[in-house]
Amino acid sequence: MVYNVKNLNAGKVSKMSGKDTVLFAPVPVHTIRDRRLGGRRSLNSLFPMDQPASLAEWEGRRREIRERILMATGLDPMPEPTPLGVRIYGEIPMPGYTVSRVVFESLPGFYVTGNLYTPESAGALRPAVLNPHGHWENGRFEVSDTGNIPIRCAVMARMGMTAFSYDMVGYGDSRQMPHSLPWSRETVYDGVGLMGIQLYNSIRALDFVLGLPGTDPDRIYCTGASGGGTQTFLLTAVDDRIAAAAPVNMISAHMQGGCRCENAPLLRIGLGNIEIAACAAPRPMLMVSSTGDWTCCTPDCEYPALRGIYSLYGAQSRLTQYHQDAGHNYNRNSRERVYAWLSDLTGLEVVSEDAVRIPDTSRLRIGEDWRPDPVDEKRYLEIRNRYQKKTEDPEVYRTRLGALLGKDTLPSDLRPVWHCRQTEGDITALDGCLASTGTEHEQNPMRLLYASGCERASLVLCAHPLGRDALRQDDQFRNEARQLVGRGYRVCVPDLYLTGEPYRKAASSEDRPEYDEAYNETDDVRRICDIAALAEELDAAAVLGYGRFGGLCALAAALLDKSGVLFVAEIGDFGAPDVPLLGLYGGVRIDLIGARAAVAEARRPLAHTLPG
């Protein structure tokens with residue numbers, strides 16, 4: 001539902017001077033003290049975990065974490081699973097086990113490649129272990145002192161478990177697209193990226209092993225190191241079919257992962273790996289760490305934090321740790337500790353690596369006879385469109401949008417403060433900002449305009465890409481503001497986040513870290529929250545959005561709980577349902593069609609004469 005600003009009519013027209021220059025005078029210079037400027041969080045920031053007071057509090061937080069992971073990676077709603085089309089071939093008999101090549105389709109036209117290690121004896125239901133690898137140079141073929149994927153899978157198979165190792169995107173035989181997607185920001189970060197695709201691949205890998213004959217569905221485990229450790233605790237957090245997990249050298253309060261595949265946009269807004277890993281509770285977990293990387297503090301920091309969560313379930317004994325004096329690794333010491341842990345879970349006897357042979361890694365490759373088509377940008381968009389789904393329920397849309405944008409973290413202590421007053425004839429202009437009580441925080445410099453006798457009139461909030469400068473630089477906007485004041489409205493024109501001269505000066509030297517949007521709200525997200533906060537605190541009767549800020553207003557309308565606010569969006573983008581709003585990401589395609597539906601469902605315009 002789109003409204004036209006010309007239809008706003010208070011029924012009263014005030015006399016205005018011919019010049020009314022006070023409306024459009026240069027904005028006063030004011031140093032902004034917005035605490036959102038500077039000090040941006042990054043993958044190396046400290047993310048300690050606040051201990052919840054009760055199990056109920058933690059369960060609520062756990063639901064929030066799972067929801068954020070799924071939305072940020074594009075998996076909420078979850079894509080409808082398609083047939084895997086599994087191909088298992090090229091069996092290599094080895095003493096005590098067999099290793100095979102595996103290919104299946106996680107998404108139509110996109111393939112997962114790996115190796116399946118199967119015990120020699122086929123008997124009762126057996127456990128299965130997923131083995132995602134990290135950023136070792138050779139991926140699932142890595143055979144080195146710091147990491148040996150084939151030997152650990154072979155030992156698991158010799159112990160009597162099915163082990164499956166599979167490629168990260170762009171590693172090993174997964175060559176349809178590179179590990180660092182090369183296309184435009186708008187294409188890559190609209191809810192489908194490396195982290196989302198790899199997480200979905202892991203979910204489909206879990207589907208694959210559950211479909212194998214002889215797999216015990218109650219004993220599916222997962223272990224990996226480094227980036228494979230990230231995949232391990234992400235999968236465990238979102239999929240309860242993982243019965244136990246052993247993330248190696250990755251759970252850290254002060255390093256969250258140094259690759260795009262570990263940093264989905266908006267994932268870690270106030271969220272670190274400790275909390276994500278804690279979502280495994282009360283399922284068994286082994287934390288493996290070392291003195292020579294970012295897990296160096298595990299015995300004194302991360303392990304006690306997770307133990308606090310397990311204690312809420314009375315399940316402290318299900319969390320164990322192993323800490324060694326070594327660098328970043330999944331070395332033999334780490335692997336042997338994992339074997340012993342798996343033995344405790346399954347009752348299977350540990351087999352020494354010295355007694356296990358592995359084939360030459362060249363024999364583990366899928367082979368040149370199978371090469372799927374590469375994924376170019378056009379094909380990627382096709383995959384994205386299958387991968388993403390839209391919700392048609394406006395209330396569901398509003399709930400998910402609120403969670404993604406941090407609805408519950410909107411400032412509650414902001415109040416308008418006016419520090420400059422100018423009067424000319426019957427017109428008054430107040431300049432001020434929103435400020436926190438009792439703290440040195442200010443945001444959104446704004447100009448409030450009204451005619452004599454209209455000090456308490458209905459307020460119209462105008463969101464313009466130029467902020468207050470639009471009163472001087474945009475002729476059409478200036479005329480509309482003059483008309484609104486003349487009709488007896490109060491008109492407020494704010495500088496939204498990074499809009500207007502004070503913000504531009506304050507942010508000119510701001511250094512944005514790598515993967516900035518994974519740890520900090522995007523500029524547009526903060527502007528949407530600004531619109532919602534301003535509409536709430538100023539008790540706005542209407543919010544007008546101009547240019548691309550019309551889309552922000554539409555999303556703020558879907559976000560805001562305040563009823564009875566008229567949102568007028570001056571945008572043509574409503575006609576482009578497949579184009580996500582730049583700067584917003586998530587599996588719920590945050591587009592303006594969805595926002596319009598949510599607004600139409602949740603908002604009742606005050607002026608009943610406006611066209612619907």
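Check the entry above for the structure.
In what follows, the accompanying structure is described. Keep in mind the model is a prediction, meaning the values are calculated, not measured.

**Considering the overall build of the protein**
The secondary structure content of the protein amounts to 17 helices and 16 strands. When each of the 612 residues of the protein is scored for burial, the buried share is 60%. The long-range fraction of contacts in the protein, counting pairs at least 24 apart against all pairs at least 6 apart in sequence, stands at 75%. For the protein, the accessible area works out to roughly 23400 Å², and carbon and sulfur atoms hold 48% of it.

**Regarding the packing of aromatic side chains**
Enumeration over the complete set of coordinates arrives at 8 aromatic pairs. Ring centres of Phe 47 and Tyr 519 lie 5.9 Å apart, and the angle between their planes is 50 degrees; this geometry places the pair in the tilted category. Residue Phe 47 is located in the segment before helix H1 (55–72), and its partner Tyr 519 is located in helix H14 (residues 516–519); the two are separated by 472 residues in the primary sequence. By the burial criterion, Phe 47 is buried, and Tyr 519 matches it. Members of the aromatic cluster, each reached through a chain of ring pairs, are Phe 104, Phe 164, Tyr 166 and Phe 208.

**Focus on helix H4 (residues 194–210)**
Residues spaced three or four apart along an α-helix point in a common direction, a consequence of the helix completing one turn every 3.6 residues. Across its 17 residues, H4 extends 24 Å between first and last C-alpha, which sits within 8% of the 24 Å expected from 1.5 Å per residue. The buried fraction of H4 is high, at 15 of 17 residues.

**A word on the nonpolar core**
Ile 69, Leu 130, Phe 164, Phe 208, Val 209 and Met 285 are the most contacted members of the largest nonpolar core, which totals 71 residues. Ignoring anything within four residues of it in the chain, the contact list for Val 209 reads Ala 128, Leu 130, Phe 164, Thr 215 and Ile 220. By size, the runner-up hydrophobic cluster in this structure holds 33 residues, among which are Val 99, Ile 151, Met 159 and Tyr 221.

**Examining the side chain of His 179**
With respect to the secondary-structure elements, His 179 resides in the loop between strand S5 (162–166) and helix H3 (185–188). A distance of 3.3 Å separates polar atoms of two side chains, one belonging to His 179 and the other to His 135. At a separation of 2.6 Å, a polar atom in the side chain of His 179 contacts the main-chain carbonyl oxygen of Val 169.

**Here's the deal with the pairing of strand S6 (residues 215–225)**
By the criterion of burial, S6 is predominantly enclosed, with 8 of the 11 residues buried. Both strand S4 (residues 126–132) and S6 contribute to a ladder of 4 bridges, which runs parallel. When the sheet's bridge partners are listed, Ala 128 is paired in S6 with Ile 220. Of the pairings in the sheet, the one linking S6 to strand S7 (residues 244–248) comprises 5 bridges and is parallel in character.

**Some thoughts on the pattern of salt bridges**
According to the stated counting rule, one finds 31 salt bridges in the structure shown. Across the pair Arg 478 and Asp 475 runs a salt bridge, and its minimum N-O distance is 2.2 Å. Here Arg 478 and its partner Asp 475 are both found in helix H12 (residues 475–486), 3 residues apart, which amounts to about one turn of the helix. Note on Arg 478: relative accessible area 16%, which makes it buried. Its relative accessible area of 48% is what places Asp 475 among the partly exposed residues. The salt bridge partner of Asp 516 is Arg 512, with a shortest N-O separation of 3.8 Å. Looking at Asp 516, the relative accessible area reads 9%, which means it is buried.

Conventions and cut-offs
- Residues take numbers from 1 onward in each chain, read along the sequence in its written order.
- The predicted nature of this model means local features are confined to residues of pLDDT at least 70 and side-chain atom pairs, given and counted, to a pLDDT of 80 or more, with totals for whole chains, interfaces and linings taken over all residues.
- In computing side-chain values, all of the structure's heavy atoms are included and hydrogens and water are not.
- The helix count covers DSSP runs of H or I at least four residues long, the strand count covers runs of E at least two residues long, and both are numbered beginning at the N terminus.
- Partly exposed describes any residue whose relative accessible area lies between the buried limit of under 20% and the exposed limit of over 50%, with all areas from a 1.4 Å probe on protein chains only and scaled to the type maximum.
- Any pair of residues with heavy atoms lying within 4.5 Å of one another is described as a contacting pair.
- Here the open area of atoms and residues is found with the Shrake-Rupley method and a 1.4 Å probe, where only the protein chains shown may cover a residue.
- Two aromatic rings, drawn from Phe, Tyr or Trp (for Trp, its six-membered ring), form a pair once their centres lie within 6.5 Å of each other, and the interplanar angle then sorts them: stacked below 30 degrees, edge-to-face above 60, tilted otherwise.
- What a helix should span is 1.5 Å times the count of its residues minus one.
- Among the buried residues, those of types Ala, Val, Leu, Ile, Met, Phe, Trp, Tyr and Cys that are joined through side-chain atoms within 4.5 Å form a nonpolar core.
- Under this definition, polar contacts are N or O atom pairs within 3.5 Å; protein pairs additionally need one hydrogen-donor-capable and one acceptor-capable atom, and for neighbouring residues in sequence, both atoms have to be side-chain atoms.
- A pair of strands is treated as paired once DSSP finds two or more bridges between them.
- For this document, the term salt bridge refers to a Lys or Arg side-chain nitrogen within 4 Å of an Asp or Glu carboxyl oxygen.

Everything listed here is a matter of coordinates, which is why it stays silent on function.
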